Amino acid sequence: RVWQGLWAALFTGLLAITDSCALMAHFSRFVEDIFALLISVIFIVGAFRSLVEAYQDLSTAAAFKTTLLCLGTFAFTRWLQSLKRSRAATKTIRDILGNFSVAI
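Here the structure is a predicted model, which is why all the values come from computation and not from measurement. (Residues numbered from 1 in each chain as written. Predicted model: local features only at pLDDT ≥ 70, side-chain atom pairs only at ≥ 80, totals over all residues. Heavy atoms only, no water.)

**Description of the overall build of the protein**
The helix and strand tally for the protein stands at 4 helices and 0 strands. Its helices and strands in sequence order give the protein the pattern α-α-α-α, from N to C terminus. Put simply, 15% of the contacts in the protein that link residues at least 6 apart link residues at least 24 apart. For the protein, the computed accessible surface area is about 8,800 Å², with 70% contributed by carbon and sulfur atoms. (Helix = DSSP H or I, 4+ residues; strand = E, 2+ residues; numbered from the N terminus. Contact = heavy atoms within 4.5 Å. Areas by Shrake-Rupley, 256 points an atom, 1.4 Å probe, with all protein chains shown as cover.)

Put into structure tokens, the structure is as follows:
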């Protein structure tokens, strides 16, 4: 198993260094969307696993605070995304804040 992990790590590193993921755009839009969906699902599942582990490992109050932090972060990013469609500031500022929500 160690050799399998090292071999997979080598190929993953090579793909990242050469930016091979950018090649997916040349195949079809459908394949690129599937690849983006896969990455998104990995991060979403990781977040839910962390929430479940918080309820298993932490006290009830700490787990509840973790849930509030998770939901608050989600609500904040959705609000930042909604700024793109509002008239709150100049278009440049709205675009910067809207694009920042993806990084959160």
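After that view, the rundown keeps rolling.
**What about a nonpolar patch on the surface?**
There is a patch of nonpolar side chains on the surface, built from W7, L10, F11 and L14 and spanning about 430 Å² of accessible area. Among the structural elements, L14 can be located in helix α1 (residues 2-17). Note on L14: relative accessible area 43%, which makes it partly exposed. (Patch = residues over 30% accessible without salt bridge, like charges linked within 9 Å, V, L, I, M, F, W, Y side chains within 5 Å. Salt bridge = Lys/Arg side-chain N within 4 Å of Asp/Glu carboxyl O. Buried < 20%, exposed > 50% of the residue type's maximum accessible area, 1.4 Å probe, protein only.)

**Some words on the confidence of the model for the protein**
Here the protein shows a mean pLDDT of 80. Residues at 70 or above account for 89%. Least confident of the elements in the protein is helix α4 (residues 91-103), whose mean pLDDT is 72; most confident is helix α3 (residues 60-82), at 86. (pLDDT = per-residue confidence, 0-100.)

**A short note on the packing of aromatic side chains**
Per the counting criterion, the structure on display carries 2 aromatic pairs. For the pair W7 and F11, a centre-to-centre distance of 5.1 Å together with 75° between the ring planes defines the contact as edge-to-face. Here W7 pairs with F11, and both are found in helix α1, just 4 residues apart, close to one helical turn. Residue class for W7 comes out exposed when judged on its relative accessible area of 55%. (Phe/Tyr/Trp six-rings, centres within 6.5 Å; stacked < 30°, edge-to-face > 60°.)

**Side note on α3**
Between its first and last C-alpha, α3 extends 33 Å over 23 residues, near the 33 Å set by a 1.5 Å rise per residue. Along α3, the positions that sit buried rather than exposed are A63, T67, T77 and L80. (Expected span 1.5 Å × (residues − 1).)

**Focus on α1**
Given a rise of 1.5 Å per residue, 16 residues ought to cover 22 Å, and the 22 Å separating the end C-alpha atoms of α1 matches this to within 8%. D19 lies just past α1 and shows a positive phi near 55°.

**A closer look at the environment of N99**
Its place among the elements puts N99 in helix α4. Assessed through its relative accessible area of 45%, N99 is described here as partly exposed. Separated by 18 residues in the primary sequence, N99 and Q81 have C-alpha atoms spaced 7.3 Å apart.

**A look at the side chain of T67**
Relative to the assigned elements, T67 resides in helix α3. Of the residues examined, T67 reaches a relative accessible area of 15% and is grouped as buried. Here Y55 takes part through its side chain, which lies 2.8 Å from a polar atom of the side chain of T67. Once residues within four sequence positions are removed from consideration, T67 is found in contact with L51 and Y55. (Polar contact = N/O pair within 3.5 Å; in protein donor to acceptor, adjacent residues only side chain to side chain.)

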